[in-house]
Amino acid sequence: RLLRQAAGWATAAATSAGFSAVLTSNPKPALAAPPIAVIAEELGYFPVQNRDGDVVYIPKRVQRSSTPQAIELAKALKEKGVTMYGAYWCPHCSRQKEVFGAEAWA
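This section reports on the structure supplied with the text. (Residues numbered from 1 in each chain as written. Predicted model: local features only at pLDDT ≥ 70, side-chain atom pairs only at ≥ 80, totals over all residues. Heavy atoms only, no water.)

**Topic: the overall build of the protein**
Formally: Put simply, DSSP marks the helices as runs of H or I at least four residues long and the strands as runs of E at least two long, and each gets a number from the N terminus on. Residue contacts are defined here by distance: any two heavy atoms, one from each residue, within 4.5 Å place the two residues in contact. All accessibility values rest on the Shrake-Rupley procedure with a 1.4 Å probe; residue burial counts only the protein chains present in the view.
Of the regular secondary structure elements, the protein holds 5 helices and 2 strands. Going from N to C terminus, the protein has its helices and strands arranged as α-α-β-β-α-α-α. The contacts in the protein between residues at least 6 apart in sequence include a share of 47% that link residues at least 24 apart. Carbon and sulfur atoms provide 59% of the accessible area of the protein, an area that totals close to 9,100 Å².

Spelled out as C-alpha cells, the structure:
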C-alpha cells in the first residue's frame, strides 16, 4: 500500500512539473552494459574471460605521457634496484603509475 501511495505521489509530482509519468508494476531490466572505458575508469582494470572460460583481470594502460623529470627519476630508481610492488585493482598503484607516465614504465 505504501509503495502504491509513493508511486501516486511521484506521478502527481511529475505531472505537475510538466512531465508525463509512466509507472509499471513490472519494469523491464536494462540490457545495456556500460562502455569498457567507463569500467576501466572506475575499476582501473578490465574483467576479461580467457579461452578456458576463467575471468582474468587486465590492468588499464597508463594514459599520461612521462615528463623528462619522471623518466630521469625512473632511471635512477632502476639503477638502484628499486622495485614497485602493486596490485592491478589498487587505485593508489594506478595513480602512481599515471604520475610517472607511460614512457617511464617502458
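**Things to note about the packing of aromatic side chains**
Aromatic ring pairs: the centre-centre distance and the angle between the two ring planes describe each pair. Rule in force here: Geometry of aromatic contacts follows a simple scheme: Phe, Tyr and Trp rings, the Trp one being its six-membered ring, pair when their centres are within 6.5 Å, and the pair is stacked under 30 degrees between planes, edge-to-face over 60, tilted otherwise. Whether a residue is buried, partly exposed or exposed follows from its accessible area with a 1.4 Å probe, protein chains only, as a fraction of its type maximum: under 20%, in between, or over 50%, in that order.
Counted according to the given criterion, the structure contains 2 aromatic pairs. Centroid distance Tyr-57 to Tyr-88: 5.5 Å. Interplanar angle 10°. Geometry classified as stacked. Taken together, the residues span a long stretch of sequence, with Tyr-57 in strand β2 (residues 55–59) and Tyr-88 in the loop between α3 (68–79) and α4 (91–100) at a distance of 31 residues. Judged by relative accessible area, Tyr-88 falls into the partly exposed class, the value being 32%. Each ring, one from Phe-100 and one from Trp-105, has its centre 6.0 Å from the other, and the planes form 70°; the classification is edge-to-face.

**Here we look at the pairing of strand β1 (residues 45–49)**
Successive residues of a regular strand alternate their side chains across the two faces of the sheet. Note the threshold: Being paired, for any two strands, means DSSP has found at least two bridges between them.
Inspection of the sheet shows β1 paired to β2 by 5 bridges, in the antiparallel sense. Bridge pairing in β2 links Pro-47 to Tyr-57. With antiparallel pairing between neighbouring strands as the criterion, β1 and β2 make up a hairpin whose turn holds 5 residues, including Gly-53 at a positive phi of roughly 90°.

**Considering the environment of Tyr-88**
A sequence separation of 30 residues divides Tyr-88 from Ile-58, and the C-alpha atoms of the two residues are 7.5 Å apart. Other than its neighbours up to four places away in sequence, Tyr-88 contacts Gly-44, Tyr-45, Tyr-57, Pro-59 and Ser-94.

**Topic: the side chain of Ser-66**
Tracing the sequence through the fold places Ser-66 in the loop between β2 and α3. Leaving out residues up to four positions away in the same chain, Ser-66 has contacts with Ile-71, Phe-100, Gly-101, Ala-102, Glu-103 and Ala-104.

**Details of α3**
Short version of the rule: Expected span of a helix, by definition, is 1.5 Å for each gap between consecutive residues, and there is one gap fewer than residues.
Taking 1.5 Å per residue as the helical rise, α3 with its 12 residues ought to reach 16 Å, and the 17 Å between its terminal C-alpha atoms agrees with that figure. Looking one or two residues past α3, Gly-81 carries a phi angle of roughly 80°, positive in sign.

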